[in-house]
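# Structure at a glance
As a plain string of letters, each chain reads:
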Amino acid sequence: MPSIRTQIVSAVLFGVLLAAPFLLPVVGGEYLTTLLLKAMLLAIAAISLDLLVGQGGMVSLGHAAFVALGAYAAAIGLESGIEDILLLLAVALTVSGLFALVTGALALRTSGVYFLMITLAFGQMTYFTLTSLAAYGGDDGLTLWSLGTLFGSDLVQNGGQLYFVVLGTLFLVWWGVNRLVGSRFGRVLRGARDNPERAEVMGYSVFRFRLTAYVIAGMIAATAGVLMTQHAEFVSPALSTWQRSGDLLVMIVLGGLGTRNGAILGAFFVVIMEEVLGSILHEWRLIYGPLLVLLVLYAKGGLSKLLDPREPGAHHT
């Protein structure tokens, strides 16, 4: 059961996000609303990665591939005449789920740095596959002239209520993953992270539990990809690069591995810092890099631990 302070942080986070579209335009901050939308999309993908890294101890450098697969599945569906967002989402979940099942079954036969390298290889394989799709823009990406609709309405488009759709999706993913983490499945996953031999002796199939988590995480990331397509109205192979996967890893480490709100806090921190530093200095990464090093060294446990030192998290991965 999360502490009162952690529950307050959760309530404040979602309360601010719910109120933002009504308050920010009043002060001329429509761009800030778009920035929050970007951060929420990244937070969805970060939550899925934290299920692997924070709960399962499976450090992946190819997780962005699932985001890209979701985005391209939606984009190719739209180009093929499918406009219903629920059908596009079903296609994206099917593609990403199958990809996760196959690649996970191979990658999970290894562990540690070998697992990281195999996931990196699958991520790069996805990137080069997407660049070879000449019919869908190849290396240059694809601009979408039509977007998904919900029962014929523009509710899930930028001109409609996309912000609240993304916010609702973020809440459902956050709530669902936290429920999963608190269940028997989550306890076995953490037990396998800390002592896989003991979990096997107790009769649990560590491989099966880890593969299930891998598939779930991949499908959640693909959901983020579908919504990114709706927001950006553009898809590119760059979505699947290892640098994007690295960004997601940075978010969950900064936010706090295996914590209730860490992935969301980390995503918002990274997006806001990039925006602030980018407005001050052209070579903003010269400041951003050392800042991340200092935060990792001195904010042990991430931002979540700063807000609530008693919140449990991943001891190691």
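Residues numbered from 1 in each chain as written. Predicted model: local features only at pLDDT ≥ 70, side-chain atom pairs only at ≥ 80, totals over all residues. Heavy atoms only, no water.

Turning our eyes to something else, we now look at the overall build of the chain. Helices and strands together make up the secondary structure of the chain, namely 13 helices and 2 strands. A compact globule built from 317 residues would reach a C-alpha radius of gyration of about 20 Å, and the chain, at 19 Å, matches this within 12%. Across its three principal axes, the chain shows a C-alpha extent of roughly 55 × 45 × 40 Å. Looking at the chain as a whole, 51% of its 317 residues are labelled buried. Counting only contacts in the chain whose residues sit at least 6 apart along the sequence, the fraction spanning at least 24 positions is 78%. Placing the 17 positive and 18 negative side-chain charges of the chain at their respective mean positions leaves the two points 18 Å apart. (Helix = DSSP H or I, 4+ residues; strand = E, 2+ residues; numbered from the N terminus. Rg over C-alpha atoms; globule rule 2.2 N^0.38 Å. Buried < 20%, exposed > 50% of the residue type's maximum accessible area, 1.4 Å probe, protein only. Contact = heavy atoms within 4.5 Å. Lys, Arg positive; Asp, Glu negative; His and termini not counted. Charge placed at Lys NZ, Arg CZ, Asp CG, Glu CD.)

Let's shift gears to the packing of helix H3 (residues 64-79) against helix H4 (residues 85-107). Direction vectors running N to C along H3 and H4 enclose 140°, while the axes themselves pass 8 Å from each other. In this view, H3 runs oblique relative to H4, as classed from their interaxial angle. Crossing of H3 against H4: the hand is right-handed. Here H3 contributes Phe66, Leu69, Gly70, Ala73, Ala74, Gly77 and Leu78 to the contact with H4, which in turn contributes Leu88, Val91, Ala92, Val95, Ser96, Phe99, Ala100 and Thr103. Tallied by class, the residues present in the contact of H3 with H4 amount to 11 nonpolar, 4 polar and no charged. (Axes fitted to C-alpha atoms, helices over the stretch in contact; angles between N-to-C directions. Parallel < 35°, antiparallel > 145°, perpendicular 65-115°, else oblique. Left-handed = near helix turned anticlockwise from the far one by under 90°. Nonpolar A, V, L, I, M, F, W, Y, C, P; charged D, E, K, R; others polar.)

Our focus in this paragraph is a nonpolar patch on the surface. On the surface, Ile272, Val276, Ile280, Leu281, Leu286 and Ile287 cluster together into a nonpolar patch covering about 540 Å² of accessible area. The set of elements that each furnish at least two residues to the nonpolar patch consists of helix H11 (262-280) and helix H12 (285-298). At 3 residues, H11 tops the list of elements feeding residues into the nonpolar patch. Its location among the elements puts Ile280 in helix H11. Owing to a relative accessible area of 65%, Ile280 belongs among the exposed residues under this scheme. (Patch = residues over 30% accessible without salt bridge, like charges linked within 9 Å, V, L, I, M, F, W, Y side chains within 5 Å. Areas by Shrake-Rupley, 256 points an atom, 1.4 Å probe, with all protein chains shown as cover. Salt bridge = Lys/Arg side-chain N within 4 Å of Asp/Glu carboxyl O.)

Running from N to C, helix H6 (residues 162-182) and helix H7 (residues 184-194) point in directions that differ by 70°, and their axes come no closer than 4 Å. Accordingly, the angle class assigned to the pair H6 and H7 is roughly perpendicular. Only Arg184, Phe185, Gly186, Arg187 and Arg190 of H7 make contact with H6, whose side of the interface consists of Leu180, Val181 and Gly182. Among the residues forming the contact of H6 with H7, the class breakdown is 3 nonpolar, 2 polar and 3 charged.

For the rest of this paragraph, the subject is the nonpolar core. Soluble globular proteins tend to bury their nonpolar side chains together. Residues Met40, Leu170 and Ile264 are the most contacted members of the largest nonpolar core, which totals 88 residues. No other element matches the 16 residues that helix H2 (residues 30-55) contributes to this core. Each residue touching Leu170, except ones within four places of it in the same chain, is listed here: Phe14, Leu17, Met40, Ala43, Ile44, Ile47 and Ile264. Ala74, Ala92, Val156 and Val226 belong to the second largest nonpolar core, which has 7 residues in total. (Core = buried A, V, L, I, M, F, W, Y, C linked by side-chain atoms within 4.5 Å.)

Moving on, we get to unusual backbone geometry. What you tend to see is this: most non-glycine residues have negative phi, and most peptide bonds are trans. Here the phi dihedral of Glu233 falls at roughly 60°; this positive angle occurs in a residue that is not glycine. Of note, Glu233 is situated in the loop between helix H9 (206-232) and strand S2 (234-235).

Let's shift gears to helix H10 (residues 242-255). The end-to-end C-alpha distance of H10, which contains 14 residues, comes to 20 Å, matching closely the 20 Å that a straight helix rising 1.5 Å per residue would cover. Of all the positions in H10, only Ser245, Gly246, Leu248, Leu249, Met251, Ile252, Leu254 and Gly255 are classed as buried. On its buried side, H10 packs onto H2, H3, H11, H12 and helix H13 (302-307). One or two residues past the end of H10 sits Gly256, with phi positive at roughly 120°. (Expected span 1.5 Å × (residues − 1).)

Here the focus is the environment of Leu249. With respect to the secondary-structure elements, Leu249 resides in helix H10. Exposure remark for Leu249: the relative accessible area of 15% places this residue in the buried category. Measuring from C-alpha to C-alpha, the distance between Leu249 and Ser10 comes to 21 Å, with 239 residues separating the pair along the chain.

To continue, consider the pattern of salt bridges. Under the defined criterion, the tally for this structure stands at 1 salt bridge. Its salt-bridge partner being Asp194, residue Arg193 comes within 2.9 Å of it at the nearest N-O pair. Take Arg193: its relative accessible area is 10%, and that puts it in the buried class.

A few words now on the side chain of His63. Checked against the element boundaries, His63 lands in the loop between H2 and H3. Polar side-chain contacts of His63 include one of 2.8 Å to the side chain of Ser48. (Polar contact = N/O pair within 3.5 Å; in protein donor to acceptor, adjacent residues only side chain to side chain.)

This next bit is on H7. Every buried residue belonging to H7 is among Phe185, Gly186, Val188, Leu189, Ala192 and Arg193, and all of these are buried. For H7, the angular spread of buried residues about the axis comes to 165°, placing them on one side. Packed against the buried residues of H7 are H2, H6, helix H8 (196-201) and H9. (Arc of directions from axis to C-beta.)

Moving on to the environment of Phe99. Structurally, the position occupied by Phe99 is in helix H4. With 120 residues separating them in the primary sequence, Phe99 and Met219 have C-alpha atoms 9.6 Å apart. Beyond its immediate sequence surroundings of up to four residues, Phe99 is in contact with Phe66, Leu69, Gly104, Phe122, Met125 and Thr126.

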